[in-house]
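# Commentary on secondary and tertiary structure
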Amino acid sequence: MSLVHEIDYGTPASKSEKLVTLTIDGMTVQVPEGTSIMRAAMEVGNQIPKLCATDMLDAFGSCRLCLVEIEGRNGTPASCTTPVADGIVVKTQTERLKKIRKGVMELYISDHPLDCLTCSANGDCELQDMAGVVGLRDVRYGYEGENHTKLGKDESNPYFTYEKSKCIVCNRCVRACEEVQGTFALTISGRGFDSRVSPGMDESFLSSECVSCGACVQSCPTATLNEKAMYNIGTPEHSVVTTCAYCGVGCTFKAEMRGDELVRMVPYKDGKANRGHSCVKGRFAYGYAVHQDRILKPMIRSSIHEPWKEVSYEEAIAYAASEFKRIQEKYGKRSVGGITSSRCTNEETYLVQKLIRGGFGNNNVDTCARVCHSPTGYGLSVTYGTSAGTQDFDSVEASDVVLIIGANPTDGHPVFGSRLKKRLRQGAKLIVVDPRRTDVVRSPHIEAAYHLPLRPGTNVAIVTAMAHVIVTEGLVNEQFVRERCDWEEFQEWAAFVAEERHSPEAVEKYTGVPADAVRGAARLYATGGNGAIYYGLGVTEHSQGSTTVIAIANLAMATGNIGRNGVGVNPLRGQNNVQGSCDMGSFPHELPGYRHISDDATRASFEALWGVGLDDEPGLRIPNMFDAAVEGTYKGMYVQGEDILQSDPDTKHVSAGLAALECLVVQDLFLNETANYAHVFLPGCSFLEKDGTFTNAERRIQRIRKVMAPKNGYADWEVTQMLSNALGFPMTYSHPGEIMDEIAALTPSFAGVNYKLLDEMGSVQWPCNEKAPEGTPIMHIGGFVRGKGKFMLTEYVPTDEKTGPRFPLLLTTGRILSQYNVGAQTRRTENVVWHPEDVLEIHAHDAEVRGIRDGDFVKLDSRAGSTSLRAVISDRVAPGVVYTTFHHPVTQANVVTTDYSDWATNCPEYKVTAVQVSPSNGPTQWQEEYENLSRTSRRIAAE
């Protein structure tokens, strides 16, 4: 194996369809109009020397190395900033150009440290490469430049260093921060020889506004900005292209290795989801894979009060299988079940649901998508006919108006957030519907046209009010509706939303949003051009989550914003494979491909291939599993890659359900909170140790590739296969590719998917079949999958969770950039530097009346429970609303969340909890008990 090298064309590609013909060094070249001469030369393999240019950034023209001569023109223009023209003749190598380039390089080298042999970028330094390219052999000005001997090194960032003395002021890092990331955290300070890159107001990187996305490091042509791993491990010698295992964006990376040690993760420019960009998690937070907390040996115990005993895989699997068989003999076939993981691969998830249906003989299978995006599946399926988003991420580049509702892309989906901000800087308009003022509402060089800070729980009212404006003011795209939708259903819906009770003025008393702002936002979405809607858990995690998804779908249909580039309805999935886990049949009522278990023909196709009869009755959902466990009818559970005790609502009820189980099998990387109640622990694999596929939020199926051997000895799918075989339901796969072949044979939307196709194309978006052999980037072009688009009435029903004298505030929850989900991975990396604990954001007014100061410990009480955490006074939330994250188990925000859930899917209502906040002296009794339990668990594991 060797390093995967990507061609750097120097400047971005032109999107023009008009072609221009020119001659470069005697060769005829034909390229799109607007292409730079530098890129045109590179298209035919002629690399013009450069330092300030890279195809991830717009041309800048500062380094003066890329000069060329053009016949009939005076001077030596920079090839990066000079566009091609029809018929021009360009020369890139003349004596004149050689002399100029060599002189430029002399100036750079005269003021640059010459420690190349010991430099961390030795062999990976563009300055070093260009010195060789221009034939520099001596420097007339000497090597005693004063600047490089006086400047220190900033090592404040946990992942990379900034060595000022090696900066050549090419501006690439500054431009990357601005153009790619959109944070604007870097600048050039000083003048002349004193010019250097400066984070913020000459701060350290850690204390600046830098978000550690790595774009600056990736763009740096020297060792000025360099990963610390390059110092500690050395230069990588081979790489493997794989997919990030964090959020639903699904970024493609080159995992660059030295032996079996990972040196760095480099964003892959050919990655169709991320286009060469990354965030702090995907780029740097991979250390959990080799963390000392990982459990690498199977363990068993007969009681959760006993110490763990390390055993062989054979013994652990045999014990688990015998316990499941015993429980089913005693309590019945439906007394056991399992939960699939949205962090594991499609292939692994498919096998778990297959094991439960074929090995356990029931449909008691569910997934974490139940507690995040199950309303997406329901709402989009009934209105459009598919349970997924409509666009690819590239589509945002053609959007004129973007409506963000219940999502925080800069924190939760940061690479997409950067692409969105870039489009906004180009002139697109933004509407944000969120109780909290997120960064996308206002940050450098962007500001939302409208921010509708609604009261938590009133999504349906606000979206229906927007529809009221669109209908009553004649802004409906009638032609689209008549051609593409059921006209009678539309008329019924239009009459419904036109009722005065749905007007912005009437619903203001519920939502708290001024009517004029709602009217302005509705008009902008309906008339501003291509309108795209992106939403997140702030939509789905409500008692009316499914209703809001339907209301959003109605809004897009009514304005004709569906079925073409730049528009659409797009859920921003939380975890890396939430979409895939749903696709693979992880719900108790659906087989892979979203086909109901009661359908005889569908079930027959699975029975024929699996060689076993399947139960035609839907199984238990996750909440029902806990209910049944407490009642005593559900006694065994297999949980792969999910920490349900920390991630599910109403923690006390979850813990009671887990404690009632007679056999809980947990398969994971670490002894998580759920494992405190486990009887069998099966070690899991990190994404770096497995082969398979993930499906991201845009339905993109992507390969993940093994870069190191499984540290626990087996891939996750192999462990599931062993358990299935022990249960008497044989599986005989030898590679995940064979599992995908079976998925394709049984799932119409995956019918054309195989590893050969994915390797050739990089990725495909389902549906991928005979009708779409290369996938489907944009859905519902020309018609909806279900036929006619279906308008549905969306009555606003206030949640049963009410505020009152005892609990007067509303708590809503979300994520922060540096941490991920329940924090099992990111808490075991240096990312804790940015977010060491969950905090409670509270408005100054609410804090003052309670005697709370910034940084005080406070008690957070609800009807379900209480916890303690530090308060942060913030104007991001309105009076009456408080906000926290859920990344740290010692806080465990879900102790206070209730068991209310979506009417259609049982998705929990995480986003609306009535609470009281009061001063506290420290942790609650629950937290002290948790700390004692955690210490005991760690001690038992150690013993």
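In the block above lies the structure referred to throughout.
An account of the accompanying structure is given in this report. Predicted model only: the values in this text are computed from it and were never measured. (Residues numbered from 1 in each chain as written. Predicted model: local features only at pLDDT ≥ 70, side-chain atom pairs only at ≥ 80, totals over all residues. Heavy atoms only, no water.)

Each helix and strand counted, the chain has 29 helices and 37 strands in total. Computed over the C-alpha atoms, the radius of gyration of the chain is 29 Å, within 12% of the 30 Å expected from 2.2 N^0.38 for a compact globule of 943 residues. Taken along the three principal axes of its C-alpha coordinates, the chain extends 90 × 70 × 65 Å. Residues classed as buried in the chain amount to 63% of the 943 residues present. Taking all contacts inside the chain whose residues are at least 6 apart in sequence as the whole, residues at least 24 apart take part in 72%. Averaging the coordinates of the 94 positive side-chain charges in the chain and doing the same for the 116 negative ones gives two points 3 Å apart. (Helix = DSSP H or I, 4+ residues; strand = E, 2+ residues; numbered from the N terminus. Rg over C-alpha atoms; globule rule 2.2 N^0.38 Å. Buried < 20%, exposed > 50% of the residue type's maximum accessible area, 1.4 Å probe, protein only. Contact = heavy atoms within 4.5 Å. Lys, Arg positive; Asp, Glu negative; His and termini not counted. Charge placed at Lys NZ, Arg CZ, Asp CG, Glu CD.)

Moving on: the environment of Gln667. Locating Gln667 in the fold gives a position in strand 27 (residues 663-668). Judged by relative accessible area, which is 2%, Gln667 ranks as buried. Measuring from C-alpha to C-alpha, the distance between Gln667 and Gly684 comes to 5.6 Å, with 17 residues separating the pair along the chain. Non-local contacts of Gln667, meaning those with residues more than four positions away in its chain, are made with Tyr638, Val639, Gln640, Gly641, Leu682, Pro683, Asp716, Val719 and Thr720. Among the polar contacts listed, one links the side chain of Gln667 to the side chain of Tyr638, at a separation of 2.5 Å. (Polar contact = N/O pair within 3.5 Å; in protein donor to acceptor, adjacent residues only side chain to side chain.)

Looking now at empty space enclosed by the protein. This structure, assessed with the given rule, holds 13 cavities of 30 Å³ or more. Taken as a whole, the largest cavity spans an internal volume of roughly 410 Å³. Only helix 11 (409-412), helix 18 (537-540) and strand 32 (809-814) provide two or more residues apiece to the lining of the largest cavity. At three residues, strand 32 tops the list of elements feeding residues into the lining of the largest cavity. The residue makeup of the lining of the largest cavity, split by class, is 10 nonpolar, 14 polar and four charged. (1 Å grid on protein atoms, 1.4 Å probe; cavity = no way out; pocket = protein on both sides within 12 Å on 5 of 7 lines; lining within 4 Å. Points joined across faces, edges and corners; volume = space filled by probe spheres on them. Nonpolar A, V, L, I, M, F, W, Y, C, P; charged D, E, K, R; others polar.)

Turning to unusual backbone geometry, a few remarks are in order. The amide bond that connects Trp766 to the next residue, Pro767, takes the cis arrangement and shows omega of 0°. Tracing the backbone through its elements, the reader meets Pro767 in the loop between strand 31 (763-765) and strand 32. With a phi close to 75°, Asn171 is a non-glycine residue in the positive phi region. Within the secondary structure layout, Asn171 lies in the loop between strand 6 (160-163) and helix 4 (172-181). At Arg275, a position not held by glycine, the phi torsion is positive, near 50°. Among the secondary structure elements, Arg275 is positioned in the loop between strand 12 (261-267) and helix 7 (280-284). Taking relative accessible area as the criterion, Arg275 reaches 35% and is therefore assigned partly exposed.

Let us now look at the side chain of His502. Position of His502 relative to the elements: it lies in the loop between helix 15 (487-497) and helix 16 (504-511). The contacts of His502, once residues within four sequence positions are left out, are Thr464, Ala465, His468, Phe496, Val497, Val507 and Glu795.

The buried fraction of strand 22 (residues 531-535) amounts to five of the five residues, a majority that puts the element mostly inside the structure. Residues of strand 22 alternate between two faces, with Gly531, Ile533 and Tyr535 on one and Ala532 and Tyr534 on the opposite face, all of them buried. Note: strand 17 (residues 401-405) against strand 22, five bridges, orientation parallel. Bridged to Val401 within strand 22 is Gly531. With four bridges connecting them, strand 22 and strand 23 (residues 568-571) associate as parallel partners. Looking at strand 23, one finds that Ile533 is bridged to Val569. (Pairing = 2+ DSSP bridges.)

Moving on, we come to the environment of Leu151. Along the chain, the position of Leu151 falls in the loop between helix 3 (126-133) and strand 5 (153-154). Between the alpha carbons of Leu151 and Lys166 there is a distance of 9.1 Å; along the sequence they are 15 residues apart.

Each disulfide consists of one covalent bond between the sulfur atoms belonging to two cysteines. Considering all chains together, one arrives at zero disulfides under this definition. As a non-bridged cysteine, Cys216 has Cys210 as the owner of its nearest cysteine sulfur, 5.4 Å distant. Lacking any disulfide linkage, Cys685 is separated from the closest cysteine sulfur, that of Cys344, by 9.2 Å. Here Cys685 falls in the buried class, since its relative accessible area comes to 6%. (Disulfide = S-S within 2.5 Å.)

Generally speaking, a soluble globular protein has its nonpolar side chains buried in company with each other. Grouped together as the largest cluster of nonpolar side chains are 69 residues, with contacts concentrated most on Phe160 and Leu225. Discounting chain neighbours no more than four positions away, the residues touching Phe160 are Asp154, Phe205, Cys210, Ser212, Cys216, Val217, Leu225, Asn226, Glu227, Lys228 and Phe284. Within the second largest apolar cluster, 52 residues are counted, among which are Val433, Trp493, Tyr525 and Ala526. (Core = buried A, V, L, I, M, F, W, Y, C linked by side-chain atoms within 4.5 Å.)

Counted under the stated rule, the structure contains 54 salt bridges. The closest approach of N and O atoms between Asp615 and Arg334, which form a salt bridge, is 2.6 Å. Residue Asp615 is located in the loop between helix 21 (600-610) and helix 22 (622-631), and its partner Arg334 is located in the loop between helix 8 (313-331) and strand 15 (336-340); the two are separated by 281 residues in the primary sequence. A residue is classified by how much of its surface remains accessible, and Asp615, at 10% relative accessible area, is buried. (Salt bridge = Lys/Arg side-chain N within 4 Å of Asp/Glu carboxyl O.)

One can describe the packing of helix 22 onto helix 24 (residues 651-659) by two numbers: an axis separation of 8 Å at closest approach and a directional angle of 55°. As judged from the angle between their axes, helix 22 and helix 24 are oblique. With respect to the hand of their crossing, helix 22 and helix 24 are arranged in left-handed fashion. Where helix 22 approaches helix 24, its residues Phe626, Asp627, Ala629 and Val630 are matched on the opposing element by His653, Val654, Ala656, Gly657 and Leu658. Considered class by class, the residues forming the contact of helix 22 with helix 24 number six nonpolar, two polar and one charged. (Axes fitted to C-alpha atoms, helices over the stretch in contact; angles between N-to-C directions. Parallel < 35°, antiparallel > 145°, perpendicular 65-115°, else oblique. Left-handed = near helix turned anticlockwise from the far one by under 90°.)

Another point: helix 2 (residues 95-110). Along its 16 residues, helix 2 runs 22 Å from first to last C-alpha, staying within 8% of the 22 Å computed at 1.5 Å per residue. Every buried residue belonging to helix 2 is among Leu97, Arg101, Gly103, Val104, Met105, Glu106, Tyr108, Ile109 and Ser110, and all of these are buried. On its buried face, helix 2 sits against strand 3 (69-70), strand 4 (89-91) and helix 3. (Expected span 1.5 Å × (residues − 1).)

Moving on to the packing of aromatic side chains. Under the counting rule described, the total for this entry stands at 22 aromatic pairs. Summarising the aromatic geometry, the rings of Tyr246 and Tyr288 are spaced 6.2 Å apart at their centres and angled 70° between planes, so their arrangement reads as edge-to-face. Here Tyr246 is found in the loop between strand 10 (238-243) and strand 11 (252-258), whereas its partner Tyr288 is found in the loop between helix 7 and strand 13 (299-300), with 42 residues between them in sequence. The two residues Tyr246 and Tyr288 agree in class, both being buried. Measuring from ring centre to ring centre gives 5.0 Å for Tyr246 and Tyr820, while their planes differ by 80°; the resulting arrangement is edge-to-face. Of this pair, Tyr246 sits in the loop between strand 10 and strand 11 while Tyr820 sits in the loop between strand 32 and strand 33 (839-842), and the two are 574 residues apart along the sequence. Pair check on accessibility: Tyr246 and Tyr820 agree, each one buried. Connected via pairs of aromatic rings, a cluster forms that spans Tyr159, Phe160, Tyr162, Phe205, Phe284 and Trp834. It is Arg484 that lies over the ring of Phe784; its NZ or CZ is 4.7 Å from the centre. (Phe/Tyr/Trp six-rings, centres within 6.5 Å; stacked < 30°, edge-to-face > 60°. Lys NZ or Arg CZ within 6 Å of the ring centre and 35° of its normal.)

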